Structures are given as structure tokens and as C-alpha cells.
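Each chain, written out:
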Amino acid sequence: MEPIISLKNVIKNYGTKQVLKGINLDIYPGQVIGYIGPNGAGKSTTVKILCGLIADFEGEVLVGGLNIKTESLTIKSKIGYVPELADLYDVLTPIEFLNLMAQLYSIDEQLASERMNKMLTAFGLAAVMNERMDTFSKGMRQKVLIISGLLHNPDIIILDEPLSGLDANSVITVKELISKLAKDGKTIFYCSHMMDVVEKVSDRIVLINNGTVIADGSFEELKQQQGNQSLEQIFSLLTQGSSTNDASDQLMNAFNN
Amino acid sequence: MNFIDKFLVKIVLLPTTFYRGLGINTLQLKAILQTKITLGDRTPTGIRAIKRANPKKPTSGVSFSQLFMSVFLGLFFMTSFYFGQNYETKLTLYFSMFMFILASTLMADFTTVLIDVRDNFIILPKPVSDITFLTSRLLYIIIYILKTAIPMTLIGMVYVGYFIGLWPLVIFIVMVLLVTLFTVFLINAAYIFVLKVTTPQKFKTIITYFQIALAVLIYASYQIIPRLISKSEMAGFDISQNSWIFLAPPFWFACAWQFLTTFSGGFIMVIYTVLSLSIPFISIWFVIKYLAPSFNQKLAMIEGTGEEQTTKPTIHKAPKKGFGLTENITKWITQNGAERVGFMLTWKMTSRSRDFKMKVYPSLGYLGVYLVLMLLNNKGNKGRFELPPADSFVYIFIVYFSNFVLITAMGYLIYSEKYKAAWLYYIPPVDKPGKFILGSVKAILVKFFAPLAVAILVSAYFLLGVASLPNFILGICNQALIIFTIAYITFNQMPFSTLAGNKTKGSSLVRGLFTMLIPVSVGSVHYLIRDFLPVVILLNVLSIIAIWMVNDSIKNKTWEQINVQTDW
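Read on for a plain summary of the structure. (Residues numbered from 1 in each chain as written. Chains lettered and ligands numbered in written order. Predicted model: local features only at pLDDT ≥ 70, side-chain atom pairs only at ≥ 80, totals over all residues. Heavy atoms only, no water.)

A short note on the overall build of chain A
Looking only at helices and strands, chain A features ten helices and ten strands. Computed over C-alpha atoms, the radius of gyration of chain A comes to 20 Å, within 12% of the 18 Å expected from 2.2 N^0.38 for 257 residues, which places it in the range of a compact globule. Once the C-alpha set of chain A is aligned to its principal axes, its extents read approximately 60 × 50 × 40 Å. Here chain A holds 257 residues, and 53% of them are scored as buried. Once local pairs closer than 6 in sequence are excluded, the contacts in chain A between residues at least 24 apart make up 68%. Counting only carbon and sulfur atoms, one obtains 49% of the accessible surface of chain A, whose full area is about 11,400 Å². Of the side-chain charges in chain A, 22 are positive and 30 negative, and the distance between the mean point of each set is 1 Å. (Helix = DSSP H or I, 4+ residues; strand = E, 2+ residues; numbered from the N terminus. Rg over C-alpha atoms; globule rule 2.2 N^0.38 Å. Buried < 20%, exposed > 50% of the residue type's maximum accessible area, 1.4 Å probe, protein only. Contact = heavy atoms within 4.5 Å. Areas by Shrake-Rupley, 256 points an atom, 1.4 Å probe, with all protein chains shown as cover. Lys, Arg positive; Asp, Glu negative; His and termini not counted. Charge placed at Lys NZ, Arg CZ, Asp CG, Glu CD.)

Considering the overall build of chain B
Check the secondary structure of chain B and you find 23 helices and zero strands. Once local pairs closer than 6 in sequence are excluded, the contacts in chain B between residues at least 24 apart make up 79%. Carbon and sulfur atoms make up 69% of the accessible area of chain B, which totals about 28,600 Å².

Here we look at empty space enclosed by the protein
Residues and elements named next belong to chain A. A complete count under the given rule lists two cavities of 30 Å³ or more for this structure. Quantified by volume, the second largest cavity comes out at close to 70 Å³. Taken together, Ile146, Leu150, Ile157, Leu159, Pro162, Val174, Leu177, Ile178, Leu181 and Ile188 make up the lining of the second largest cavity. Sorting elements by how many residues they give to the lining of the second largest cavity places helix H6 (residues 168-183) first, with four residues. (1 Å grid on protein atoms, 1.4 Å probe; cavity = no way out; pocket = protein on both sides within 12 Å on 5 of 7 lines; lining within 4 Å. Points joined across faces, edges and corners; volume = space filled by probe spheres on them.)

Details of the pattern of salt bridges
Counting across every chain of the model gives eleven salt bridges over all chains. In this structure, the salt-bridge partner of A:Asp90 is A:Arg141, at a minimum N-O distance of 3.2 Å. Highlighted residues: A:Asp90 in the loop between strand E6 (79-82) and helix H3 (94-104) and A:Arg141 in helix H5 (residues 138-150), separated in sequence by 51 residues. Taken as a pair, A:Asp90 and A:Arg141 share a single burial class, namely buried. Put simply, A:Asp90, A:Arg141 and B:Lys418 are held in one network by salt bridges that share partners. (Salt bridge = Lys/Arg side-chain N within 4 Å of Asp/Glu carboxyl O.)

Describing the sheet that holds E6(A)
Residues and elements named next belong to chain A. The strand order across the open sheet built from six strands is E6-E7-E8-E3-E9-E10, with neighbouring strands paired in mixed fashion. Unpaired on one side and paired on the other, E6 and strand E10 (212-217) mark the two borders of the sheet. If you compare each strand with its neighbour and ignore which way they point, the axes differ by 15° on average. Bridge count for strand E3 (residues 32-36) against strand E9 (residues 204-209) is four bridges, and the pairing is parallel. Residue pairing in the sheet places Ile36 in a bridge with Leu207 of E9. Set on the sheet, helix H8 (residues 219-226) makes contact with E9 and E10; between it and E10 the angle comes to about 110°. (Pairing = 2+ DSSP bridges. Axes fitted to C-alpha atoms, helices over the stretch in contact; angles between N-to-C directions.)

Comments concerning a nonpolar patch on the surface
Together, B:Leu533, B:Ile537, B:Leu538, B:Val541, B:Leu542, B:Ile545, B:Trp548 and B:Met549 make up an exposed nonpolar region whose accessible area comes to about 820 Å². The class of B:Ile545 is partly exposed, set by a relative accessible area of 41%. (Patch = residues over 30% accessible without salt bridge, like charges linked within 9 Å, V, L, I, M, F, W, Y side chains within 5 Å.)

Examining the interface of chain B and chain A
Between chain B and chain A, the contact holds 42 residues from the first and 37 residues from the second. At the junction of chain B and chain A, the tally comes to three salt bridges. Put simply, B:Arg352 and A:Glu96 hold a salt bridge, and the shortest N to O gap is 2.7 Å. Listing elements by their share of the side of chain B that touches chain A, those giving two or more residues are helix H13 (307-311), helix H15 (338-352) and helix H19 (423-426) of chain B. Top contributing element to the side of chain B that touches chain A by residue count: H15(B), with eight residues. Broken down by class, the residue content of the side of chain B that touches chain A amounts to 22 nonpolar, eleven polar and nine charged. (Nonpolar A, V, L, I, M, F, W, Y, C, P; charged D, E, K, R; others polar.)

Overview of the pairing of strand E1 (residues 5-14) of chain A
Residues and elements named next belong to chain A. Two elements, E1 and strand E2 (residues 17-27), share eight bridges in a ladder whose sense is antiparallel. Within E2, the residue paired with Asn13 across the bridge is Gln18. The turn joining E1 and E2, which pair antiparallel and follow one another in sequence, is formed by two residues; a positive phi near 65° is taken by Gly15. Relative to strand E4 (residues 58-63), E1 runs antiparallel, the two sharing five bridges. Within the sheet, the bridge partner assigned to Ser6 lies in E4 and is Leu62.

Concerning the pairing of E4(A)
Residues and elements named next belong to chain A. In terms of strand pairing, E4 meets strand E5 (residues 66-67) through two bridges, oriented antiparallel. Paired with Val63 across the bridge in E5 is Leu66. Between E4 and E5, which pair antiparallel in sequence order, lie two residues; one of them, Gly64, sits at a positive phi of approximately 60°.

Some words on the packing of aromatic side chains
By convention here, two paired aromatic rings are described through the distance between centres and the angle between planes. Across all of its chains, the model carries 30 aromatic pairs over all chains by this definition. Here the aromatic rings of B:Phe81 and B:Tyr159 are separated by 4.4 Å at their centres, their planes lie at 40°, and the arrangement is tilted. Here B:Phe81 is found in the loop between helix H5 (62-77) and helix H6 (87-114), whereas its partner B:Tyr159 is found in helix H8 (residues 130-164), with 78 residues between them in sequence. The exposure class assigned to B:Phe81 is buried, which follows from its relative accessible area of 8%. On the basis of relative accessible area, B:Tyr159 is assigned to the partly exposed category, the value being 24%. Through a chain of ring-to-ring contacts, the aromatic side chains of B:Phe77, B:Phe81, B:Tyr94, B:Phe95, B:Phe98, B:Tyr159, B:Tyr162, B:Phe163, B:Phe172, B:Phe182, B:Phe185 and B:Phe253 assemble into a single cluster. Of note, A:Lys76 hangs over the ring of B:Trp559, and the distance from its end group to the ring centre comes to 5.1 Å. (Phe/Tyr/Trp six-rings, centres within 6.5 Å; stacked < 30°, edge-to-face > 60°. Lys NZ or Arg CZ within 6 Å of the ring centre and 35° of its normal.)

Re the sheet that holds E1(A)
With antiparallel pairing, four strands are arranged side by side in an open sheet as E2-E1-E4-E5 (chain A). A single partner strand is all that each edge strand has here, and the edge strands are E2 and E5 of chain A.

Notes on the state of the cysteines
Residues and elements named next belong to chain A. The full count for this structure, using the stated rule, is zero disulfides over all chains. Take Cys51: it sits in no disulfide, and the sulfur closest to it among the cysteines is that of Cys191, at 9.3 Å. Judged by its relative accessible area of 3%, Cys51 falls in the buried class. (Disulfide = S-S within 2.5 Å.)

Quick look at the nonpolar core
Counting residues in hydrophobic clusters, the biggest one holds 145 residues, and the most contacted among them are A:Val61, A:Tyr89, A:Phe97, A:Ile158, A:Phe189, B:Tyr425 and B:Phe484. Aside from chain neighbours lying at most four places away, what touches A:Ile158 is A:Val47, A:Leu50, A:Cys51, A:Ile79, A:Gly80, A:Tyr81, A:Val82 and A:Phe189. Among the nonpolar cores identified, the runner-up in size contains 65 residues, and B:Leu91, B:Val176, B:Phe185 and B:Trp257 belong to it. (Core = buried A, V, L, I, M, F, W, Y, C linked by side-chain atoms within 4.5 Å.)

So, the environment of A:Leu207
Residues and elements named next belong to chain A. Along the polypeptide, Leu207 turns up in strand E9. Taking the relative accessible area as the measure of exposure, Leu207 reaches 3% and is therefore buried. Considered as a pair, Leu207 and Ala41 are 166 residues apart in the sequence and their alpha carbons are 9.3 Å apart. Beyond its immediate chain neighbours, meaning those up to four positions away, Leu207 contacts Ile36, Gly37, Thr212, Val213, Ile214, Ala215, Phe235, Leu238 and Thr239.

Some points on the environment of B:Pro451
Relative to the helices and strands, B:Pro451 resides in helix H20 (residues 434-464). As a C-alpha pair, B:Pro451 and B:Thr330 span 121 residues in sequence and 15 Å in three-dimensional space.

Some details on the packing of helix H18 (residues 403-412) of chain B against H20(B)
Residue and element names in this part refer to chain B. At a minimum axis distance of 10 Å, the contact between H18 and H20 shows a crossing angle of 140°. It follows that H18 is oblique to H20 by the angle criterion. Regarding H18 and H20, the two cross each other, and that crossing is right-handed. Seen from H18, the contacting residues are Leu406, Ala409 and Met410; seen from H20, they are Val441, Ile444, Leu445, Phe448 and Phe449. Its residues placed into classes, the contact of H18 with H20 shows eight nonpolar, no polar and no charged. (Parallel < 35°, antiparallel > 145°, perpendicular 65-115°, else oblique. Left-handed = near helix turned anticlockwise from the far one by under 90°.)

Laid out in C-alpha cells, this is it:
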């Protein structure tokens, strides 16, 4: 099978600092990739390259067989992106915001309006869809963002910490949605710091640290390699080289005076 | 904290034993009070919040600049001592100005002073008793008001003490405190009124408009009042001759001062004195007893986190099919896709973003004041108002002067506190970002210039006749052309994509002067050719063609020509 996303020796420098040091990755349709790594590991740089925002990198990125440097518009129309931290122009209403997004993806007005209504209703936002989002809670904004990323029915969905602020029921909804989208043949690129969620939703986990991939495989494979531990423990072992116990011991020590 | 704050804190914390007797933890009280004052010192409020140039630069010394500002405003009150033939008149004017300015300042700042949502999760979860917290809040408000009211009247105090006497000064200070008390009551009443007629959510918007109106009003009075001062007939004026003056509280205070300094003036003066001494206390008692309880509750909702919003039953409005006139204009002047998105986003953001409004709307007001002054300045032979002749410089000036507001508005277009939301431009498949920019600039023109242009044309037609129209049309077309051209040259960022105040230094001043030069020079040329109708018409045609061409150039701006902000 042809990979839908293929990164070949991707290097990215910010000034003298090398953020990505040769990433190689082949992702296949229908996979849910849990993309994890400590702060500053290069996760969001990878995401920005995949979204076609950063063009000055070395190496090759193919999405659906197309080169992202030359065909970024076609690729952008196939990608759905849900940013983290609920950043949106919150003086708009959900309908206004989603309408703007729909126009940018050239979705037919009628179709867009039907989809929006259905999706907002499904997320329980029907009653507030004409209210400005500045009064919305974090979770409500996150729901609107998730809808904005899915509205044009993309083949590839990039989720950056999509569960932040969501209540327990919505978390379940989104997790189920992710597996249903994957069954439907969509490729999901899931960036998160919540190891327990990544462990459950993704069928392949890619761990990067200091700009290189240091582990790649299903959770079962990682457990076999690293001993039967939780993803959290595997993560700290691989990225920190030691147990997190030390730091917490030091913190406890502060009381001894 | 500066020495004034330290001094005031010392003063209000003096009765330690008294506080302890009430069950107040004085250590906590001092800590809370000092923190609040430090916070206040670092948070720009009121009019200064509008002018805040660089939010990334830490603000400090606010209370010091506030002090200077207050003293300066107080200097302005001194003009009242030039008017009128007696102290009742002079002081009535003085107290009126004082009340008005104090009320305006406090009104605008009070929300931030009175309620601080951070209290809810910083102080309340700590072991602080209600009475300690309440007292800290009360003392803070007292310090805040004193810090505004005393500097404002400082120059007045010096004047009264030096020219009139020591005992009149004492009475004057008492009167100032009473007027302050009464003003606090008025503000409370105004707040309660506003909260009655509107929802707490809209309250902030109203305060924003109030602050904008205040800025414009102060500007207007600085422009207009010096023009009135020369009228020498004001000196012989006696305010007590007015039969309705007894209704005005400043008059009571002025009469009370007069009575208490001279102990003469008859029965009516005694009544005014009693009124002055009692009304402030009665009104404050009234506020505490009847208005305060529900008032505080409502105030606390103003800056609510919005969590309560989710549970609030909301009327499910049917999805609106567009928004009438605007929708039609949009469809008519923009192409589908990115251009329309840029237009709609700008249209909505400029009317809803508090930040943008605070920065641009005052200059709209200044422009209005200035235009009126320009027209009124032209006095006819007998001092009566006449319109300037049709070929006067004034008209060309008016048309081209309005350009500065548009340039200002456009200058702020790239800024937003929510700059991280700009990801929405970069993610979708949009080939040329110039489309967003074109839509955005069109929105600015339609929103801030079209109404003025229509008003100019209509009034020109009725007041100056058809013959004046070609020149006005040329002026208006040139405005649009200038704006599009400046947009093409300077607009290298997406709208609302940069943190406000994050301006590139150095070249911006030169560039600013340069952009101002464009309307000035085009206007001058226009002035020279204004009488040659064929030339005016020819230039009109050329101007329209040029607009069309510049439009195209903006639309074709590529991603390479844009500063893409990827720091989200």
C-alpha cells in the first residue's frame, strides 16, 4: 500500500538551532498516529510542515503522492487541522466562524450549512450557535474548532491536543469519533501530552525527542521492547533516561528543614 | 508603590487596634492592600488604556502619571475663577467641572477597581475572613478615590488658600470631600441604572463607548473652550440670577462655602448649607442600605468566566440568512472565497473587538470635532455663520483630511489580542493571501469611509449645488485610491494576526510621515486644478482606472510577500 504521508529525511533549522534532525516516517491510510514527545521536541514544527505552513525545510514530504513544496494548495484541501489552546476570533459566533471556514474550503453553501447544523447539534451547541464565542467555555470553543477541522470532510486529520477542556462525555464522543473516522479510511495524526489517551486511541505511536524519532510502533510493540510498562513510564524512560521519581523526591525534600 | 501610595496606606492602616477589635487580620489586610495598589499601579485604566502604546512593555508608575493627569485637569478647572462676578458663580462652575471630570474618570475605571475576578480564585480560597477582605476592598476604593480627587483640586486649594484665606481653604477642602462623596453616589446610581436597563454582558460595551465618548469630549472641550474664553461678557455673569440654579448640586456646595466663610447671606444660604452637609451622607447611606447588595452581585457577573453562560437558557434564534444590507453589499463588491472572508471578518471584528474600537473610534470622534470646527471657524462679515464659497480650500481639506482616520483604522487592522487565531488564514487552500487583504481593506472603506462620502456628496448637492459634485467625486475616488495604494505598499501581514503594539520600530515613524504626505500632496494638486472641469473629469476617470489596477495588484500578493506569523 502507498503511504498517504511520507517524510524523507526532513531537516528544519531555526537559525543555528536544528529542530528536526532528519525525520523519516511513512503513514498509511486509516492509521491513527499518536505523535508524542516532550516540550520542544519538534512536534509542532512537524505539524506546521504537514499543513504546508513551513516550506523552507530540507528533505522531502509527500502527501497523497504529491510534493508539499509544489502542491501545497491541493494538499491543504485534503487536510483538516484542529489547533490546540482554543485560539479563535471569539467575537464571532460559531455559525459565522464556520461559515468563513466553509468559504475558504469552497464548500457549497447549502451543504456547509447542513453539516454545521448537524455537527453543532451533535456536540450540544445548537442552542448557542448564534451567540458570540467570547462567553464560551474552553470545551465549547474546542468543539467548534473540532468541527471547523472536519467540516470539509478531509482525508487527513491533524489533531493537536484535541481533548483539552472537554468534559468527560465529549471526550468519549471525540475518542469514538476518531476510531470511526479511521475505520472510514481517514488518517489521523494525533499530537498530545496525555499518554493514557494516546495509549488508547492510537494504533501506532511515534515518539520524537530532540528532533529525531526515537520510538515507532504499536503500543504492544513498544511494551515488548521496553518491558511491560505503561506508555507514561516508557515515555519518561526514553526521553529522560531516568525515572521521574528523582524530581518528585527532590520536591518532597523541600519540606525537610 | 510610590511614596504617595505608601503614605496613604500608612494613613488608612493607622487605627490598627480598631481594626483588630473588629476581628480584622491586619497583616492580611496590609498584604492585600499593598498588592492591590501595586497591581493598580501596573494596570493602565481609563483614557490611558486607549493610548497604551505597547502592552508588551510592562506598565508601571500608572498612579504617578495618573496624579499628573489629575493635577493637569485640575488646572483646567481654574478657568472657572475667571468667570462670574461672585464666588457663588465661580465655585458653582468649579464644582461642576470637578464633579463632571471626577465622575467620568471614576465611571470608566470603576469596573476594574471595584471588581477583580482574580480575587475569586486568589484570595477567597485562602484563609481570609470576610470582614478582612471587605475592609481591604473598601480601603482600596477610598485610597483610589482620594488619589483622583485630591490632585484634581490641589491647584484650587492653593488658589483659595493663597488669595482668599486659611479658613476659606478649610471649608473648601470640606466641600471638596463632600462633592466627592456625592459624586460617588451619582456614579453608583448611574451604574445601577445601566445595569437595570441592560445585561451585565453588555455593560462592558457600554463602558467602552463611554470611555470613547469621554476621550472625544475632553478633546472637544480643549478645542472649543479656549475659543470661548475671549468673550469678556462672561466676567460679569452671576449664576444665582438663573431661576433653576437651585436644582444644581454644585450650586449648593458653592453657597455653603460662601455661607460658612462669611456667615452671611440669609435664610436661603442656610438651607443650601444644610443640604450640602446632609445630602452626601444621606445618599451614601441610601446606596449602602438599598442599592449595594444586589449591585455587587450583578457587578460580579460582569466579568464572569462565562461558565454560567452554558447553563443560562438561551433563545435559539433561527440561523439568520445573511444580514440584510451588509450581506448584499458584500456580495456586490467582493468575490466569493478568501476576499469575502476577509471582508466579513474585518467587518465583524471592527465592530465587535473592544481593542479595535478603543483605538480607532476616538480618532473618528476627533475627526468629527475637527470638521465641525473647520466649518464653524468661517465667520461671515457680521459674525454670523456662513458656508465657505464652493471653491474654498476648506472643502478639499475636509475630504482629504478624513483620510487620516482611514489610515489609522488600517494601521490597527493587523493587530489583535487574539492574534493566534490567525491560523485560519494559513491552513485552508488559499492560493493568494492578497485576497484576504483586499477584502479587509474594502471592508474598512465601506464601513468607515462610505457613510462619510455619502454625507459629503448629499450635503454638497444641497448646500453648494450640482456644479460642486465633480470635485467632491474626484476627492472621494482619490481617497479610495490612496487607501488601496497604501494598503498595497504597507499591508504585509494578515488582518488581526499580530499582537497589538508589537510594532517594528524605527522605520515606522518615517513611514507614517510618508503616508501622511500622500494625501497632502494629492490634495494640493487637486486644489490647483479644481476650477478646470474637463481636467477634473479626466482625472476622475484616471483615478477609477487606477483603483481597479491597484485592486488587482493587492489581490495578487503572494504568500512570499506576506509575513506569515507561525508563533502559535
